Amino acid sequence: MYLFRKKENIELKEIKSKTHITDLLFEKTTLLFALLIIFLVFWIIYEMYKDSEASRQMFGWGFITSPEWEPVKEKFGALTFVYGTVVSSLIALAIALPVSLGIAVFLSELAPQIIKTTLSFLIEILAAIPSIVFGFWGIFVLAPFMRNVVQPFLESALGFIPFFSGTKIGFGLLTSGIVLAIMIIPIISSISRDVLKTIPQAQREAAYALGATRWEAIKMALLNAKSGILGATVLGLGRAVGETMAVTMVIGNRAQIKLSWFEPAYSMASVIANEFAEASGKLHLSALIEVGLVLFAVTFVINSMARLLIYSTTKKMTVK
Amino acid sequence: MEAAELLGNSGNLKRRKVINIIMLTLSVISALAAIIPLVYIFFYTAAAGISSINLDFFTELPKPVGEPGGGIANAIIGSIEIVGIGAAFGIPVGLLAGIYVAEYSKTMVANLVKFVTDVLSGIPSIIVGIFAYGVIVLQSKNFSAFAGGFALGILMIPTVTRMTEEMLKLVPLSLREASLALGIPRWKTTLRIVLRTASGGIITGILLAIARAAGETAPLLFTSFGNSFWAESLDSPTASLPVQIFNYAISPYEEWHNKAWAGAFVLITLVFVISLIVRIITKNKFHQSV
């Protein structure tokens, strides 16, 4: 009896130590790949920093504040691109935010189940359409429509505002803002919907019990979800800032800073897309990589902010 | 107190009801507004592209301007090669990292990886293109399918990691405990039980990553570049569907525009089909877990 037991013990021990090693091996292997992702991100940053050295040393911080971009004279400044990126992204946000909030409210509070699933699916597809298709559609459908219909209308109605007057080409800040808006609506609306869902139903019921209308109950939920919604918005902004192909195809690609939103402009991502493969020399290439570095820094800050905002809301609500 | 106050003031109530109706209507309208561009883009692309789609489109090389016919077979095969290289690199990394984050989620590294994955998913794809250019194209001195695939692989990682993590976390803890109680070691439990249970969802993530990568243009512009002919090897410039669409779209030739529309239609159809498959898989998943 005693002997038998002892034997069993030994066997168990053997199994344990054996599995211990394979378990450890398995954990460390997966860890290795997890660390590989961290390493990759740092490598990307290092590579961009290293490859932009020539440009950074030549122009210093003046790179961001100078509007001059003349590859022939080897003069490089990124201000016009920063301007194009910022303005087109903000236009996109101004259009996308209200629409996305409407969709989020519709999806989380109003729609019956069948419509909810169908609409969510359609919005998912909208998010998955390649940006090249948006750009192509922008060139041949949206830009002529902007030139012939929207811009003349805006000028006659709001022409006293300098944003809405000027030459009507169809390609420019406003058009790229609209294309970007269509592209970021899915991300803002789906995250806002998810955030709204984490707001406890009891709060709405309490509001109804106090005699609130449906909208008032929803408004309360929206207010409670505001930091999460802000996070979704900022995430959408990050997407807009980094978007390349669609913008390249409709923004007009002219390095200038004009107040009018009808005017062509240029964005950071677009200049990289257009000039990188045919860069005229080492300094030109280095300057383009520095534009990329600036773009990276901007999107990094924007996305980190967004993630923190979203984490904080969903965590707070689910803990409760 | 407040309720009585609100109900007592009927003029106010009317105004509140009107606001209620206006806001709810606006919500419905915005939902409709989001569908319009989708439907418009889909049908416009279909209408403009379908006439150029025939067998030649999938089997022939591009013809010079002026010559009728021809296709973009090289771009389609090129895309498959580049996305394949990307998948071979991106999916294992994403999958294993996802397993780590989900199964060892209490460690600090797991949280850090989660954050860095989010950062990676937010990096504009063109920057990943610059990176691949610096690391591969500059070293090997020529554009190649490898460089393009490397860039796409990096772009696939966050999607795969995130989906893996989320799907593994859906697998009930009791299943793991049951397996461990039977004396099955942890690594085997993870691979054979947990991963298998979550496989539908993980395949979904992989499909999504592939669909997204197949449509990426920006990172390929100066990595795999482009080619009007068949690529000599994986180590030489290779045409890809999105880049070909881009080059055709910005050209002044109507014939090429038609080809580009056809290419865009192929891309959209691909995305649509994959999304549909994903939907069906995840729906079954959902029913199972309920």
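A quick note: this is a predicted structure, and the numbers were derived from the prediction, not measured. (Residues numbered from 1 in each chain as written. Chains lettered and ligands numbered in written order. Predicted model: local features only at pLDDT ≥ 70, side-chain atom pairs only at ≥ 80, totals over all residues. Heavy atoms only, no water.)

**Some remarks on the overall build of chain A**
Right, on to step 1. Secondary structure summary: chain A contains 13 helices and 2 strands in total.
Right, on to step 2. At 26 Å, chain A has a C-alpha radius of gyration far larger than the 20 Å of a compact globule built from 320 residues.
Right, on to step 3. Along the first, second and third principal axes, the C-alpha set of chain A runs to 100 × 65 × 35 Å.
Right, on to step 4. Counting the 320 residues in chain A, one finds 53% classified as buried.
Right, on to step 5. Looking at chain A alone, contacts between residues at least 24 apart form 73% of all its contacts between residues at least 6 apart.
Right, on to step 6. For chain A, the accessible area works out to roughly 14900 Å², and carbon and sulfur atoms hold 69% of it.
Right, on to step 7. If the 28 positive side-chain charges of chain A are averaged to one point and the 22 negative ones to another, these points end up 8 Å apart. (Helix = DSSP H or I, 4+ residues; strand = E, 2+ residues; numbered from the N terminus. Rg over C-alpha atoms; globule rule 2.2 N^0.38 Å. Buried < 20%, exposed > 50% of the residue type's maximum accessible area, 1.4 Å probe, protein only. Contact = heavy atoms within 4.5 Å. Areas by Shrake-Rupley, 256 points an atom, 1.4 Å probe, with all protein chains shown as cover. Lys, Arg positive; Asp, Glu negative; His and termini not counted. Charge placed at Lys NZ, Arg CZ, Asp CG, Glu CD.)

**Examining the interface of chain B and chain A**
It is common to give the size of an interface as the accessible area lost on bringing the parts into contact.
Right, on to step 1. The interface is formed by 81 residues belonging to chain B together with 75 residues belonging to chain A.
Right, on to step 2. The junction of chain B with chain A conceals about 7300 Å² of combined surface from both sides, 82% of it contributed by carbon and sulfur atoms.
Right, on to step 3. Along the contact surface separating chain B from chain A lie 3 salt bridges.
Right, on to step 4. Where chain B packs against chain A, one counts 11 residue pairs in polar contact (both at pLDDT 80 or more).
Right, on to step 5. With 18 residues, helix H2 (residues 10–49) of chain B is the single largest residue contributor to the side of chain B that touches chain A.
Right, on to step 6. By residue class, the composition of the side of chain B that touches chain A is 60 nonpolar, 14 polar and 7 charged. (Buried area = accessible area lost by both parts, 1.4 Å probe. Salt bridge = Lys/Arg side-chain N within 4 Å of Asp/Glu carboxyl O. Polar contact = N/O pair within 3.5 Å; in protein donor to acceptor, adjacent residues only side chain to side chain. Nonpolar A, V, L, I, M, F, W, Y, C, P; charged D, E, K, R; others polar.)

**Here's the deal with the pattern of salt bridges**
It is possible for side chains bearing opposite charge to pair when their charged atoms get close.
Right, on to step 1. Under the definition given, this model contains 13 salt bridges over all chains.
Right, on to step 2. Across the pair Arg193(A) and Asp194(A) runs a salt bridge, and its minimum N-O distance is 3.3 Å.
Right, on to step 3. Here the residues in one salt-bridge network are Arg307(A), Asp118(B) and Arg162(B), joined through shared partners.

**Observations concerning helix H9 (residues 214–224) of chain A**
Right, on to step 1. Listed as buried for H9(A) are Trp215(A), Ala217(A), Ile218(A), Ala221(A) and Leu222(A). Each buried residue of H9(A) sits inside an arc of 160 degrees when the element is viewed along its axis, so together they form one side. (Arc of directions from axis to C-beta.)

**What to know about the side chain of Ser240(B)**
Right, on to step 1. Structurally, Ser240(B) can be placed in the loop between helix H10 (199–215) and helix H11 (241–249).
Right, on to step 2. Residue Ser240(B) is classed as buried on the basis of its relative accessible area of 1%.

**Comments concerning the nonpolar core**
Right, on to step 1. Counting residues in each nonpolar core, the largest one holds 181 residues, and the members touching the most others are Trp69(A), Phe134(A), Phe276(A), Ile126(B) and Phe222(B).
Right, on to step 2. If you tally residues by element for this core, the top one is helix H4 (residues 79–110) of chain A, at 15 residues.
Right, on to step 3. If sequence neighbours within four positions are ignored, Phe222(B) has contacts with Ile272(A), Ala273(A), Phe276(A), Ala277(A), Ile126(B), Gly129(B), Ile130(B), Tyr133(B), Val137(B) and Phe143(B). (Core = buried A, V, L, I, M, F, W, Y, C linked by side-chain atoms within 4.5 Å.)

**Details of the packing of aromatic side chains**
By convention here, two paired aromatic rings are described through the distance between centres and the angle between planes.
Right, on to step 1. Scanning the model with the defined rule gives 29 aromatic pairs over all chains in all.
Right, on to step 2. Measuring from ring centre to ring centre gives 5.6 Å for Phe42(B) and Phe43(B), while their planes differ by 85 degrees; the resulting arrangement is edge-to-face.
Right, on to step 3. Each member of the aromatic cluster is reached from another via a ring pair, and the members are Phe59(A), Phe63(A), Trp69(A), Phe76(A), Phe81(A) and Tyr266(A).
Right, on to step 4. Over the aromatic face of Tyr49(A) sits the side chain of Arg56(A), whose NZ or CZ is 3.6 Å from the ring centroid. (Phe/Tyr/Trp six-rings, centres within 6.5 Å; stacked < 30°, edge-to-face > 60°. Lys NZ or Arg CZ within 6 Å of the ring centre and 35° of its normal.)

**Considerations on the domain arrangement of chain B**
Residues and elements named next belong to chain B.
Right, on to step 1. Parsing chain B into structural domains produces domain 1 (2–52) and domain 2 (56–289).
Right, on to step 2. With centres defined by C-alpha atoms, the gap from domain 1 to domain 2 works out at 35 Å.
Right, on to step 3. In this complex, domain 1 contributes 9 residues to the contact, which on the side of domain 2 involves 8 residues.
Right, on to step 4. Around 780 Å² of area is buried between domain 1 and domain 2 when both sides are counted, 83% of it from carbon and sulfur atoms.
Right, on to step 5. If you sort the residues of domain 1 by the area they bury against domain 2, Phe42, Thr45 and Ser52 come out on top, with a joint share of 58%. (Domains from an automatic or database assignment.)

**Observations regarding the side chain of Ser286(A)**
Right, on to step 1. Mapping Ser286(A) onto the fold places it in helix H13 (residues 282–319).
Right, on to step 2. Once residues lying within four places of it in the same chain are set aside, the contact partners of Ser286(A) are Asp51(A), Ser52(A), Glu53(A), Ala54(A) and Ser55(A).

**Concerning the confidence of the model for chain A**
Right, on to step 1. Here chain A averages 89 in pLDDT, while 92% of its residues score no lower than 70.
Right, on to step 2. Mean pLDDT in chain A bottoms out at helix H1 (residues 2–51) of chain A, which sits at 79, and peaks at helix H11 (residues 245–250) of chain A, which reaches 96. (pLDDT = per-residue confidence, 0-100.)

**Structural notes on the packing of helix H4 (residues 73–103) of chain B against H11(B)**
Each pair of packed helices gets described by two things: the angle between the helix axes and the distance between those axes.
All names here are of chain B.
Right, on to step 1. Axis separation between H4 and H11 bottoms out at 7 Å; the angle between their running directions is 140 degrees. Between H4 and H11, the angle is such that the two are oblique. Residues Ala75, Ile76 and Ser79 of H4 lie in contact with H11, whose contacting residues are Leu241, Pro242 and Gln244.
Right, on to step 2. Considering only residue class, the contact of H4 with H11 consists of 4 nonpolar, 2 polar and no charged. (Axes fitted to C-alpha atoms, helices over the stretch in contact; angles between N-to-C directions. Parallel < 35°, antiparallel > 145°, perpendicular 65-115°, else oblique.)

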